[in-house]
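# Secondary and tertiary structure notes
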Amino acid sequence: MKRLINLIFHIVFGSLVLAALILGYQRANAQTAARPPMPGQSQQPFSGAQTPPQQPAPAMPVPESVVDQARDQNEGYFNAMSRPRTSGQVQDVWDDADPSDAVYATDLCDDCTYKIRTREFMVTVLELPRGEKIEAVDLGDDGGFSVKPRGERRLAVRPSGYGYDTSLVVYGKSGAVYPFYLRAESFNSVNVPDLIVRIEGSVQIESDPAVAGFDDIGKAILPAMPVPGLGNKSAAIDTAISGLSDTNPGTPEGDFVAQSPFDPNALHGWGEYDLWGDETLRPETVFRDDHFTYIRFGKRWKDIELPTAYVVVDGIDELVNTRVQGETYIIESTRPLITLKSGKSFLCVEYTGEGA
């Protein structure tokens, strides 16, 4: 009987303790704030008749480095950038360089390779001989160098860095091939780079005249046509001679050739002159006899200012007598090199025929 009473006591006491615990848990939940809904979750209470909504996966935590960077950028602090150039890269080699150090002139050579020194952040201009026209270009390293045309006979070369080299082959319309060796040096190189490279001399393009009546170096190209009394000359030559013959230019009284009659058969030199300089002074044709040089401007004569003629004596320009006969400018000299000057324009006329 005593054991039964103790058993009932323990059962009743345990039930009371369990009831107290459940009551305390419910009160605690009633005092706790409701959890706010997740983004996109409805705040309506869930009914047992409804299907519970899918809860989105919790977002990944944001790294502290991102938070710190966003805070700095919000206050105007941004990371520094690494740039390819900085100050302190002025090229000291130019301080003591002569004005002509960066200009390289070399003679035209059939069996030569032209060696060119380029420099990073600088452009080098290659100039082919007079009369040449660029037809095609082959560059060995088009990643390390860039080559761009700058006229009919000029190329601009620019390295993209330094410490490497390559080859450049230029094909001219004259048929000539010009091989170049290119070397790229750095901004602090002790060598002055080649900014201008000129190949001196002239070439001839027989089949591609640049100006009507002339080839690319100014040699007169006149169609072969028989002219009575002069053999195989052109109609243009015939016109030039007749203009002189009709009025006979003669010479001033007392001139040393005053007694020499004008002889059309003594005229020669067609196609044996090199002309270079200003295009505005370029004549139709040039020829000579034993005493004078004849420069025929033709119909263009009215559009140009009368130039002054000089001849080169011991490397010095000396003024020479001139006169006009119709549309022909007569220079009283047969010197191989004659220069015509009008203002800032000039034209060099060089005889290349027999006896030059």
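See the structure shown above.
Now for a quick tour of the structure. Computed from a predicted model, the values in this text were never measured in an experiment.

Attention now moves to unusual backbone geometry. A positive phi is found at F121, a non-glycine position, where the angle reads about 70 degrees. Within the secondary structure, F121 is located in the loop between β2 (114-119) and β3 (124-127).

Let us now look at the sheet that holds strand β1 (residues 103-107). Strand order in the open sheet formed by five strands is β1-β9-β3-β6-β5, and the pairing between neighbours is mixed. Every other strand in the sheet has two partners, leaving β1 and β5 (145-149) as the edge strands with one partner each. Averaged over all neighbouring strand pairs, the angle between strand axes comes to 20 degrees, with direction disregarded. Across five bridges, the pairing between β1 and strand β9 (residues 196-200) is parallel. Paired with A105 across the strands is R198, a residue of β9.

A word on the state of the cysteines. All chains considered together, the criterion is met by one disulfide. A disulfide bridge connects C109 with C112, and the sulfur atoms are separated by 2.0 Å. As the torsion about the S-S bond is roughly 65 degrees, the C109-C112 disulfide counts as right-handed. Residue classification places C112 among the partly exposed residues on the basis of a relative accessible area of 30%.

Residues I295, Y329, I331, L340 and V349 are the most contacted members of the largest nonpolar core, which totals 19 residues. Going through the elements one at a time, β10 (273-277), β13 (308-313), β16 (328-331), β17 (337-342) and β18 (345-351) are the ones with two or more residues in this core. Setting aside anything within four residues of it in sequence, one finds L340 in contact with L281, I295, F297, P307, T308, A309, Y329, I331, S345, F346 and L347. Counting residues in hydrophobic clusters, the runner-up holds 17 residues, among them L126, F145, F180 and V197.

On to the environment of I331. Position of I331 among the secondary structure elements: in strand β16. The class of I331 is buried, set by a relative accessible area of 0%. Here the alpha-carbon distance between I331 and T308, two residues 23 residues apart in the chain, equals 9.7 Å.

All right, on to the packing of aromatic side chains then. Applying the stated rule across the entire model yields six aromatic pairs. Note on F287 and Y294: the rings are 5.3 Å apart at their centroids and 15 degrees apart in plane angle, and the pair reads as stacked. A residue is classified by how much of its surface remains accessible, and F287, at 0% relative accessible area, is buried. Among the residues examined, Y294 registers a relative accessible area of 0% and is labelled buried. Ring geometry for F292 against Y294: centres 6.4 Å apart, planes inclined by 80 degrees, an arrangement best described as edge-to-face. Exposure class is identical for F292 and Y294. Each is buried. Every member of this aromatic cluster is reached through a ring pair, and the members are W270, F287, F292 and Y294. When the ring centre of W276 is taken as origin, the NZ or CZ atom of R130, which lies over that ring, is 4.0 Å away. Across from the ring centre of Y351, 3.8 Å away, lies the NZ or CZ of R288, which sits over that ring.

So, how was this worked out
Residues numbered from 1 in each chain as written. Predicted model: local features only at pLDDT ≥ 70, side-chain atom pairs only at ≥ 80, totals over all residues. Heavy atoms only, no water. Helix = DSSP H or I, 4+ residues; strand = E, 2+ residues; numbered from the N terminus. Pairing = 2+ DSSP bridges. Axes fitted to C-alpha atoms, helices over the stretch in contact; angles between N-to-C directions. Disulfide = S-S within 2.5 Å. Buried < 20%, exposed > 50% of the residue type's maximum accessible area, 1.4 Å probe, protein only. Core = buried A, V, L, I, M, F, W, Y, C linked by side-chain atoms within 4.5 Å. Contact = heavy atoms within 4.5 Å. Phe/Tyr/Trp six-rings, centres within 6.5 Å; stacked < 30°, edge-to-face > 60°. Lys NZ or Arg CZ within 6 Å of the ring centre and 35° of its normal.

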